[in-house]
Amino acid sequence: MRKRWSVAAALVAGLGMVLAGTACSRLDRASSRLDGIASDQARGLVRDCLWKHGSVYRWVEHETVRCEVERIEHAPGGDRLSREVWVLDTAGGRVRIEQPDADRVIVAGGPGGSLFVGGKRAGDLESRDEAAGEARAVRELAAMPFSLLEPGLEIEYLGSETGPAEARVWDRLLVRYGRGSGASSNDRAVVEIRRETSRVEAVVIRWSELPFLGRRYRVQMDDWRPEGDLLVSHLWRFFPADEAGQAAGPPRWTVRVKRWEWDAAAPPVYSPAKATAPPVYSPGAK
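Re the overall build of the chain
(1) Moving on: Each helix and strand in the chain was counted, giving 4 helices and 13 strands.
(2) Moving on: With 286 residues in all, the chain has 44% of them scored as buried.
(3) Moving on: Within the structure as shown, the chain displays about 14800 Å² of accessible surface, and the carbon and sulfur contribution to it stands at 52%.

As structure tokens, then:
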């Protein structure tokens, strides 16, 4: 009996060491990327922002997040509301987006994406590119500001902007997508951080995937609330933006996160014999 307990204790201890090693490895990579930001001012802003949103230590403790979302497309003919379920692998960057109203599922593992409609893979390039753009928005915005520690990013301090009567100040970071990011080197993002709170208030994106290709969008990030020990934005509004990154018209899309769940189980793995579900990742897999 004593031997059994010794073996069980050893197994539990071994598992704990594996899990701790995984978290430490992610933490080491994140810390290395933070330290690798060349600009002292940009590095300090990112560090303060991460702490205000809950700290890298707490972020790396989680492997997945599952979100239930309402998305509104604002169109001239009237608003269209749809429901979505997102699963984001916070360790590997893999994304699954379920859109039951349209019988669509998007699966993306890093750059690019796959789109399934009615259980079958969609082959046309435009639809697949749009699926990749939607997955990228989830991967970068749902994880903001921790997505600033993704590989291949070059972050510079762009200066500050003062509001009316100098009551509020925003510091701005320019994000370039370099080798290893998986994105086009022509893509850009500007992250606006409220100086008084060190909180992200907007991200101005110029991305090369549909549906964002061809123009800038200002993503206003509001309704920051705690989910566990981390602050999460529950409201995103995508505005067409001018050259200065300011809203240049009414919003194109509104996204509301209705439910946020850490470390939820991934959906069932795809079976080739059943064409009714797409393949999904194993959280933490490389």
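Next comes the rest of the write-up.
What to know about the pairing of strand S5 (residues 114-117)
(1) Moving on: Here strand S4 (residues 104-109) runs beside S5; their pairing, made up of 4 bridges, is antiparallel. Opposite Ile106, over in S5, you have Leu115 as the bridge partner.
(2) Moving on: Summarising the sheet, S5 and strand S6 (residues 120-121) pair through 2 bridges and their orientation is antiparallel. Within S6, the residue paired with Phe116 across the bridge is Arg121.
(3) Moving on: Here S5 folds back onto S6 in antiparallel fashion, the turn holding 2 residues, of which Gly118 has a positive phi close to 60°.

Looking at the confidence of the model for the chain
(1) Moving on: Summing up the model confidence of the chain, the mean pLDDT is 84 and the portion of residues at 70 or higher is 82%.
(2) Moving on: Low pLDDT, under 50, characterises residues 1-21; the stretch is placed with 0 contacts to residues that sit more than four places away or in other chains.
(3) Moving on: Here residues 268-286 scores under 50 on pLDDT; set against residues more than four positions off or in separate chains, the count is 33 contacts.

What about the environment of Asp103?
(1) Moving on: Looking at where Asp103 falls in the secondary structure, it is placed in the loop between strand S3 (94-99) and S4.
(2) Moving on: The partly exposed category is assigned to Asp103, whose relative accessible area is 49%.
(3) Moving on: When the C-alpha atoms of Asp103 and Val117 are compared, they prove to be 5.8 Å apart, with 14 residues separating the residues in sequence.
(4) Moving on: Those residues within four positions of Asp103 in sequence are excluded, and the remaining contacts are Phe116, Val117 and Gly118.

Focus: the nonpolar core
(1) Moving on: In this structure, Val191, Val200, Val203, Met221, Trp236 and Phe238 are the most contacted members of the largest nonpolar core, which totals 60 residues.
(2) Moving on: Those residues in contact with Trp236 that lie beyond four places of it in its chain are Trp86, Ala137, Leu141, Ala142, Val219, Gln220, Met221, Trp253, Thr254 and Val255.

Section: the pairing of strand S13 (residues 253-262)
(1) Moving on: Relative to S13, strand S1 (residues 64-73) runs antiparallel, the two being bridged by 9 bridges. Across the sheet, residue Val65 finds its bridge partner in S13, namely Trp262.
(2) Moving on: In this structure, strand S12 (residues 230-240) lies alongside S13, joined through 4 bridges in antiparallel fashion. The partner of Phe238 across the bridge, within S13, is Trp253.

Some points on the pattern of salt bridges
(1) Moving on: In the structure shown here, the tally under the stated rule is 23 salt bridges.
(2) Moving on: The shortest N-O distance in the salt bridge between Asp35 and Arg47 comes to 3.7 Å. Highlighted residues: Asp35 in helix H1 (residues 2-35) and Arg47 in helix H2 (residues 40-52), separated in sequence by 12 residues.
(3) Moving on: For Asp101, the salt bridge is made with Arg83, and the minimal N-O distance between the two is 2.8 Å. Of the two residues, Asp101 sits in the loop between S3 and S4 while Arg83 sits in strand S2 (residues 80-89), which places them 18 residues apart along the sequence.

Concerning the packing of aromatic side chains
(1) Moving on: In total, this model carries 11 aromatic pairs according to the counting rule given.
(2) Moving on: Judged by centre distance (4.9 Å) and plane angle (5°), the rings of Trp59 and Phe146 are stacked. On the criterion of sequence distance, the pair formed by Trp59 in helix H3 (residues 56-59) and Phe146 in the loop between helix H4 (125-141) and strand S7 (153-162) is long-range, its members being 87 residues apart. One exposure class covers both Trp59 and Phe146, and it is buried.
(3) Moving on: Centre to centre, the rings of Phe212 and Trp253 are 5.8 Å apart; their planes meet at 75°, and the pair counts as edge-to-face. Of this pair, Phe212 sits in the loop between strand S10 (199-206) and strand S11 (217-227) while Trp253 is found in strand S13, placing the two residues 41 residues apart along the sequence. For the pair Phe212 and Trp253, one class covers both residues: buried.
(4) Moving on: By way of ring pairs, the aromatic residues Trp207, Phe212, Tyr217, Phe238 and Trp253 are connected into one cluster.
(5) Moving on: Across the ring face of Tyr177, the terminal group of Arg136 is positioned such that the distance to the ring centre comes to 4.6 Å.

Conventions and cut-offs
- Residues numbered from 1 in each chain as written.
- Predicted model: local features only at pLDDT ≥ 70, side-chain atom pairs only at ≥ 80, totals over all residues.
- Heavy atoms only, no water.
- Helix = DSSP H or I, 4+ residues; strand = E, 2+ residues; numbered from the N terminus.
- Buried < 20%, exposed > 50% of the residue type's maximum accessible area, 1.4 Å probe, protein only.
- Areas by Shrake-Rupley, 256 points an atom, 1.4 Å probe, with all protein chains shown as cover.
- Pairing = 2+ DSSP bridges.
- pLDDT = per-residue confidence, 0-100.
- Contact = heavy atoms within 4.5 Å.
- Core = buried A, V, L, I, M, F, W, Y, C linked by side-chain atoms within 4.5 Å.
- Salt bridge = Lys/Arg side-chain N within 4 Å of Asp/Glu carboxyl O.
- Phe/Tyr/Trp six-rings, centres within 6.5 Å; stacked < 30°, edge-to-face > 60°.
- Lys NZ or Arg CZ within 6 Å of the ring centre and 35° of its normal.

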